[in-house]
Amino acid sequence: MRLHRLTVTAFGPFAGTERIDFDLLSAAGLFLLRGATGAGKSSVLDAVCYALYGELPGTRRSNGVRSDHAAPGVRTEVVLEATLGGRRLEITRSPEQWRPKKRGTGLTPEKAQTLLREWAADAGAGEPGWVAVSRSHQEAGEELTRLLGMSREQFCQVVLLPQGDFARFLRADSKQRADLLGRLFDTGRFEQLERWTAELRLRHEREVQGGRQRLHALAARAEEAAGPLAGPGWDTAAHRPGEDAPVGEVLAWAAMLRVTAAERAESAALRLAAAEAGRAAARTRLERQNALAERQSRHRLAQRERLRLTDLAARSAPERARLEAALAAEAPAPLRAPHRAALAALERAEAEEAARRAELAARASAAGWSGPLGTVDELRAAEGVLRAEVGRLEAAGADETRYRALLAERAELTRRRDGADDLAADSRRWLDDFENRHERLQQDREAAREARAGLDQLDARHQELTEQRKSADRHLRLLADRTGAEDRVRALTDAAQAARQRTLDLQERRLTGMAAELAAALAPGAPCRVCGSPAHPAPAEPSADQVTAGDERRARAAQHAAEDELAAAARHLSALTAAAAAAEAAAGGHTVDELTSGIHALTSRRNALLHAAERWLPLGQQLERLERDGAAHREQLRQAGEQSARLTGQLGALAAELATLEERLATVRGDAPSVAARTAAVTALSTATTALLDATRATAAARAHRDESTEALRRAARAAGFADLAALDAAVLPPYELDVLRGKFKQLDADLELAAAQLADPALRAAAELPPADAEPARAAAARADELLARAHSAHDQARRRVADLARIGRELAALATELAPVLDAHARISRLSALLAGAPAENALRMRLESYVLAARLEQVAAAASRRLLRMSGGRYTLVHSDGLVSGNRRSGLSLHVVDAWTGRERDTATLSGGESFFASLALALGLADVVTDEAGGMPLDTLFIDEGFGTLDENALEEVMDVLDSLRERDRAVGIVSHVADLRTRIPAQLLVRKHRTGSTVHHTTRENA
């Protein structure tokens, strides 16, 4: 990497545009960046880092990029031209920043920009030039990082060598060294590997712990399933393996439980067989005694039942007679239901006839009928008359319907005519004020149009006054700058006159002492340059304040420098004077206050005109709307008049037709309110007459049917043995009572037959002849046998369940052991590996973590590379060595750094070095680290290095040694920039970049030793 040119604008302390030519500075291989404290020396390095990486160095990232001295309209920008990987590139970066708006007042944000260009031999038309590579922040950053081969932190440590950091690095503990080296050599992957193995070990531990928990849960289940298996000599819990017992021990313990459970199950099966045989014998004896007792009891019960049933049959003779009479009455029963139905039908018909007759009387009274309606013949005659009247009324109903329709039509026509009259009145009222409103809108719109025209003129005038106020502001600033420049010119004039006077004084004093100066040049035997004599009897003696030619030359050089500075200040004053005059002319001779007042007045007037002008478009829309509404109301007035006249004619024709229909309907409806009402009344009377005739006929038919059913039932009763219908009704029983009696005597007869059959059973008779049975001893023996069998069954079932449960648990234990075997093996391996990588003492004698091991190897390389330069800088006395020995406490080992003193032959800690020695060591360490990082980055050559501060601690001899080492860095065309305040370096390094700070911002100047 070689830097060529750097251009910064509004960056850090630089308010304007400053250009740095690194090719010019690097021509001698070594150059100096100097300036007062806070002038911006380190900002030059910040600009290089910002151009390459888009960010400032880590310790200065919070300072910001934009200069506080820059004018608002000046855009912050850094342009770096450099050769990276054999390619000449130009990087341009601008951060996100605010700039004044091009129109109006205020600020607007401007996005960050990145431009990457490459110099090409053929950029187009056969000519060399710059070719754009990328405008993307990400693409440009990735390409630059690839070409540089190092991260921003590596670049800031390797290219911009901060001596303070490495001085601290010498005295730091292992953790601080690991932090710096880890950032530079990107060993985070090894730390990630440590974390990954630790997490993997934790996962395996969780799996193993889970497996052991499952194993001991199964062991607990086996212990619970086994229960009190063994006798007094065996305790299951005492023999159970502990939590850390091997899997094989748990399996052996479970197998022992299964064997013991199997033996106990066989013993329980033998006891169960013996209990079942004893229970069978006791049951047989009990069953024989129970059978004898049962037969004897049945014989006694049969004798008592027969006596009871015989007595019950004697007492139930009357009820048996009732049952027989009721059974006889069932023969005529089918005729009883039709007879009852005929009686009910007659009753309903008579009630219906009475209701119809009452209804007919009410209808006749409502219709005003006065004719007879008593007999059937009178009803038939009235029915014919009423039907004829209904026909005549229905014919008149059509006229009444037409009459009502004409009334509704007349009401609708009247409503429509009134609506048309209202619309016409509304249109006339609206049109009365139309012309006045139309004229007012036209006048308002014309005023708005004039306001719009005036607004354009005011905008032009406002822009003119704004530009004049800017010029007036600039004129005030330039006047202030001119005052400062005049003061500086006066001061420089005095300084130049003083320098000129000093030069004249020295010349005069030198001429006065010229004899002594010539005498100093005399030699014995050599002729005098004034008189030519070889003898010099009384040469003049120099005075105490003798002026030499060198004094005169230095005074003349100081005079020329003062005069040059005065000329530059005078030119600057002339430029300020001219610029102030131009700004005053551009301001038109007005002050800032006058222009500000004028702008405020124009703004107020513009706001008023703007309010009026904004009404131009709405007023035009209102005018168009008013004209459309006027045309609509005129059309509405015309249509309303035509409709009102048409509807008035239609109403006259309707009035004549309504009069004719009303006269005809009055004759037909009589006293009724309407023909429809009269028709309804007559129709209802006719319907009621017809209904009464039908009810009278139905009553006669029901009476005839009743007489026929009564005679048929009387004949059937005599045939069944009953004297009349009253006797038949008395014999009839309700169905439920008849069913009860029939079931009662049927059951009584069956019970009598059953009792006789039981008494005739030979087995019951034989049992009755034997002594009474006694089953209690046999029952007690059977109960004892049942209890013994139940206990034997329970013990056998429990033993079988234990065997089955232990077998199942044994299979689960075997499966779990097979499953855990690879897990336990993997856990053992990963635990040892994790302990080794984490530096655990059991597996790692040096207690060195993997990342520390890698960093120790890097530190060893850095120490070796640094020692080569430290030997030269210390005159062969000091060598840096790396130590991986154990350290006290919990600190990391492997990152210790010692210095070997060749004068004493002893190794001591780097913290014991003096200030100058620490600078030797830290500079050597920084350069060695640069070599190692460069090699790791792929051997990317670093043709430009910067060393920031640290030279003030060196004496003259030490400075000579360091300069020799720095001169060696210029091999292979490498350029080294030193950032320092040390005055001696100004005389040792010809090429210099001077950074001067001013109240308005810093500037840079390329200089040499002669004019420094």
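As a reminder, the structure under discussion sits directly above these lines.
What you see is a predicted model; the values in this text were computed from it and never measured.

Draft legend 1. Summary view of the sheet that holds strand S11 (residues 878–883). Strand order in this open sheet of three strands is S11-S12-S13, and the pairing throughout is antiparallel. Every interior strand has two partners, whereas the edge strands, S11 and strand S13 (906–909), have only one. Averaged over all neighbouring strand pairs, the angle between strand axes comes to 35 degrees, with direction disregarded. Bridge analysis of S11 against strand S12 (residues 896–901) gives six bridges, and the strand direction is antiparallel. Bridge pairing links Tyr878 to Asp901 in S12.

Draft legend 2. The pairing of strand S15 (residues 975–979), seen in detail. Among the five residues of S15, five are classified as buried, and the element is accordingly described as predominantly covered. On S15, burial covers both faces: Ala975, Gly977 and Val979 on one face and Val976 and Ile978 on the other are all buried. Inspection of the sheet shows strand S3 (residues 30–35) paired to S15 by four bridges, in the parallel sense. In the sheet register, Leu33 faces S15, and the bridge partner there is Val979.

Draft legend 3. Fine view of the pairing of S3. With six of six residues buried, S3 lies mostly within the body of the structure. Residues of S3 alternate between two faces, with Leu30, Leu32 and Arg34 on one and Phe31, Leu33 and Gly35 on the opposite face, all of them buried. Bridge analysis of S3 against strand S16 (residues 991–996) gives five bridges, and the strand direction is parallel. Its bridge partner lying in S16, Leu32 is registered against Gln992.

Draft legend 4. Structural view of the pattern of salt bridges. For the structure on display, the rule yields 25 salt bridges. Across the pair Glu118 and Arg87 runs a salt bridge whose closest N-O atoms are separated by 2.9 Å. Of this pair, Glu118 sits in strand S8 (residues 113–124) while Arg87 sits in strand S5 (residues 87–94), placing them 31 residues apart in sequence. Note that Arg429 and Asp426 form a salt bridge whose closest N and O atoms lie 2.0 Å from each other. With Arg429 and Asp426 both in helix H12 (residues 376–432) and three residues apart, the pair spans about one turn of that helix. The exposure class of Arg429 is exposed, given its relative accessible area of 54%. Counted as one network, the salt bridges with shared partners bring together Arg87, Glu118, Glu143 and Arg146.

Draft legend 5. Inspection of the packing of helix H2 (residues 41–53) against helix H3 (residues 137–148) at higher detail. It is the contact of H2 with H3, at a shortest axis distance of 8 Å, that shows an interaxial angle of 115 degrees. On the basis of their axis angle, the class for H2 and H3 is roughly perpendicular. Contacts between H2 and H3 involve Ala51, Leu52 and Tyr53 from the first element and Leu144, Thr145 and Leu148 from the second. Across the contact of H2 with H3, the residue classes break down as five nonpolar, one polar and no charged.

Each value, and the rule that gives it
Residues numbered from 1 in each chain as written. Predicted model: local features only at pLDDT ≥ 70, side-chain atom pairs only at ≥ 80, totals over all residues. Heavy atoms only, no water. Pairing = 2+ DSSP bridges. Helix = DSSP H or I, 4+ residues; strand = E, 2+ residues; numbered from the N terminus. Axes fitted to C-alpha atoms, helices over the stretch in contact; angles between N-to-C directions. Buried < 20%, exposed > 50% of the residue type's maximum accessible area, 1.4 Å probe, protein only. Salt bridge = Lys/Arg side-chain N within 4 Å of Asp/Glu carboxyl O. Parallel < 35°, antiparallel > 145°, perpendicular 65-115°, else oblique. Contact = heavy atoms within 4.5 Å. Nonpolar A, V, L, I, M, F, W, Y, C, P; charged D, E, K, R; others polar.

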